[in-house]
Amino acid sequence: MTFQAPKGTFDWLPPRSEQVLAVREALVAPVRRAGYGYVETPVFEDTQLFARGVGESTDIVTKEMYTFPDKAGRSLTLRPEGTASVVRAVLQHGLHTGQLPVKLWYSGSQFRYERAQRGRYRHFWQVGAEALGAEDPALDAELIVLAARGFSSLGLRNVTLLLNSLGDGNCRPAYRAALQEFLRGLDLDDETRARVEINPLRVLDDKRPEVQARLGGAPLVADHLCAACKAYHEEVRALLTAAGVAFEDDPRLVRGLDYYTRTTFEFTHGGLGSQSAIGGGGRYDGLSEMLGGPPLPSVGWALGVDRTFLAMESEGLLGDAAPGRVQVYGVALGDDARRRMFLLVAELREAGVSADMAFGGKGLKGAMKGAGRSGARYALILGERDLAAQAVQVKDLTTAEQTEVPLARVVEVLKGKVQ
RNA sequence: GUGGGUGUAGCUCAGUUGGCAGAGCGCCAGGUUGUGGUCCUGGAUGUCGAGGGUUCAAGUCCCUUCACUCACCCCA
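Everything numeric in this text was worked out from a predicted model, so none of it was measured.

S.K.: Would you mind going over the overall build of chain A with me for this structure?
M.R.: For chain A, the helix and strand inventory stands at 15 helices and 16 strands. Over its C-alpha trace chain A gives a radius of gyration of 28 Å, far above what one expects of a compact globule, namely 22 Å for 419 residues. Projected onto its principal axes, the C-alpha positions of chain A cover 90 × 50 × 45 Å. The buried share among the 419 residues of chain A stands at 50%. In chain A, which carries 50 positive and 52 negative side-chain charges, the distance between the mean positions of the two groups comes to 6 Å.

S.K.: Even after reading the chapter, I still don't get the pattern of salt bridges, so can you show me in this structure?
M.R.: It is possible for side chains of opposite charge to pair when their charged atoms get near one another. Counted by the stated rule, this structure contains 15 salt bridges. Among the salt bridges present, the one from Arg 120 reaches Glu 114, with a minimum N-O distance of 3.8 Å. Across this residue pair, the class does not change: Arg 120 and Glu 114 are buried. The partner of Arg 237 in a salt bridge is Asp 249, with the nearest N and O atoms 2.6 Å apart. Of this pair, Arg 237 sits in helix 9 (residues 227–242) while Asp 249 sits in strand 8 (residues 248–249), and the two are twelve residues apart along the sequence. Connected through shared salt-bridge partners, Glu 135, Asp 168 and Arg 262 make up one network.

S.K.: What is the right way to look at the sheet that holds strand 2 (residues 44–46) in this model?
M.R.: In a beta sheet, neighbouring strands are held together by backbone hydrogen bonds and run either parallel or antiparallel to one another. The antiparallel open sheet is built from three strands, whose spatial order is 2-4-3. For this open sheet the edge positions go to strand 2 and strand 3 (67–69), each flanked by a neighbour on one side alone. On average, each strand axis in the sheet is inclined to that of its neighbour by 35°, with strand direction left out of account. Bridging between strand 2 and strand 4 (residues 75–78) involves three bridges; their strand directions are antiparallel. Along strand 4, the bridge assignment pairs Phe 44 with Leu 78. With respect to the sheet, helix 2 (residues 47–54) is in contact with strand 2, strand 3 and strand 4, its orientation differing from that of strand 2 by roughly 80°.

S.K.: Looking at this structure, I do not really get the domain arrangement of chain A. What am I missing?
M.R.: It is common to report an interface's size as the accessible area lost on association of the parts. Parsing chain A into structural domains produces domain 1 (16–171 + 225–314) and domain 2 (328–418). Each of domain 1 and domain 2 has a C-alpha centre, and the two are 49 Å apart.

S.K.: Looking at this structure, how should I read the sheet that holds strand 14 (residues 378–382)?
M.R.: Spatially, the five strands line up as an open sheet ordered 13-12-14-15-16, and their pairing is mixed. Because the sheet does not close on itself, it has two edges, and the strands there are strand 13 (355–357) and strand 16 (401–406). Strand after strand, the sheet turns through a mean of 25° between neighbouring axes, direction not considered. One ladder, built from four bridges, connects strand 14 with strand 15 (residues 391–396); its direction is antiparallel. Note on strand 15: the bridge partner recorded for Ala 379 is Lys 395. Strands strand 12 (328–332), strand 13 and strand 14 of the sheet are contacted by helix 12 (residues 335–350), whose axis makes an angle of about 165° with strand 13. Sheet strands in contact with helix 15 (residues 410–418) are strand 12, strand 14, strand 15 and strand 16, and its direction is about 165° off that of strand 14.

S.K.: What is the right way to look at the packing of helix 12 against helix 15 in this model?
M.R.: When two helices pack together, you describe them by how their axes are tilted relative to each other and by the distance separating the axes. Remark: helix 12 packs on helix 15, axes separated minimally by 10 Å, with the N-to-C direction vectors making an angle of 45°. Relative to helix 15, the element helix 12 lies oblique. The two elements helix 12 and helix 15 cross, and the hand of that crossing is right-handed. Seen from helix 12, the contacting residues are Leu 344, Glu 347 and Leu 348; seen from helix 15, they are Val 410, Val 411 and Leu 414.

S.K.: Looking at this structure, I do not really get a nonpolar patch on the surface. What am I missing?
M.R.: A surface patch of nonpolar side chains, amounting to about 230 Å² of accessible area, comprises Val 43, Phe 44 and Phe 68. Within the fold, Phe 44 resides in strand 2. Overall, the relative accessible area of 42% leaves Phe 44 in the partly exposed class.

Procedures and definitions
Residues numbered from 1 in each chain as written. Chains lettered and ligands numbered in written order. Predicted model: local features only at pLDDT ≥ 70, side-chain atom pairs only at ≥ 80, totals over all residues. Heavy atoms only, no water. Helix = DSSP H or I, 4+ residues; strand = E, 2+ residues; numbered from the N terminus. Rg over C-alpha atoms; globule rule 2.2 N^0.38 Å. Buried < 20%, exposed > 50% of the residue type's maximum accessible area, 1.4 Å probe, protein only. Lys, Arg positive; Asp, Glu negative; His and termini not counted. Charge placed at Lys NZ, Arg CZ, Asp CG, Glu CD. Salt bridge = Lys/Arg side-chain N within 4 Å of Asp/Glu carboxyl O. Pairing = 2+ DSSP bridges. Axes fitted to C-alpha atoms, helices over the stretch in contact; angles between N-to-C directions. Contact = heavy atoms within 4.5 Å. Domains from an automatic or database assignment. Parallel < 35°, antiparallel > 145°, perpendicular 65-115°, else oblique. Left-handed = near helix turned anticlockwise from the far one by under 90°. Patch = residues over 30% accessible without salt bridge, like charges linked within 9 Å, V, L, I, M, F, W, Y side chains within 5 Å. Areas by Shrake-Rupley, 256 points an atom, 1.4 Å probe, with all protein chains shown as cover.

Okay, here's the thing in structure tokens:
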């Protein structure tokens, strides 16, 4: 062993890598059907984008970013999340000056410098969707429904949707002050006490039992929402109910990014251990302005691909049957036959038939073994005898039935067999 | 950043009061000189995570260190 993947990272290898690809596609499919367009942004951005967008007081910004100077001395950061980049791209290219909302989805690597554990890695994969430039509870509901459909299309049953509203610029300051006053009266450790001053809402999210025990009488945001926020939230709830998406009201659900306003939600799964969130998001009406743009009320989510994979594994949804990698596998004996097989395999691929062949000068037995392992339905056997007869043996590996087919017709015949 | 657990073959793991480095799976070859998946036979593969110490002798005991992993914190 010479090198290994950096701490907190891991490799996806076949056959699991094929499965994770399918998971990613399944999560994205509902969004694409809803008219969201694909956006791809750089893996690194100006550090200030995240500092201002995600929030200076968040753990992500204060402790978890991969920040580095480039050769010209610019401070860059590997993206710890996707929303800030999407908003930046929308503003930079003026997408918001066209018809609203702008609906976008993305899929890609995210990076956070954290101590790794099950379901939490320094390099992880998210798919995300954002709808920018419209304040409409139907948009919040649409995104939540699309995420729920993504999870259910994978067969996941043990998923819980938690829902809350954080209020807006009108009602949140008063709530924040009331909460702060309550929290200051509690006996808390220094770190938590500091959080009370910087971001009191996140204290509600603390999972430590001794902290939770003290939060019993804490004021809840639901009781402090202004009329507009309350009506908005009720509409989101009603739409979800109408769409048949079950949810739980969680007045303590806060989430760790500063830009959220009004609707927040999280999808959790019971099979993951402590890293139970497999997706989450919310409304971020003020983010555009924080990044120097015009008011652009928006909502979005990100779903964790790796965590969704783990959730599926815990529900036994992955199976262990490796899917066939190719439909046809070539076995050649002798140099002349090998050269001919090389061309035949290329012709098959051109014709739309997936094909592989034995490499490395294996004997017949070893090559046939390779055919079996490839998962191919058909093996093509070409020896000197067959070559002389301008024919190839086509063997059905599931029935062991073997027929001779003229070389000139074999592509056509196989095309018909695998259709 | 804090606390636990685990490091032995490619993988999953045994290894007794300290006494020749092991099994299953996988891989390779043969049984079958032109036929896989089953079966039988044989074979290869080790810095026992690393460094130091105790001992006639260390995978095993002691110290240090590294890696992985789980949990806390936080989050997808």
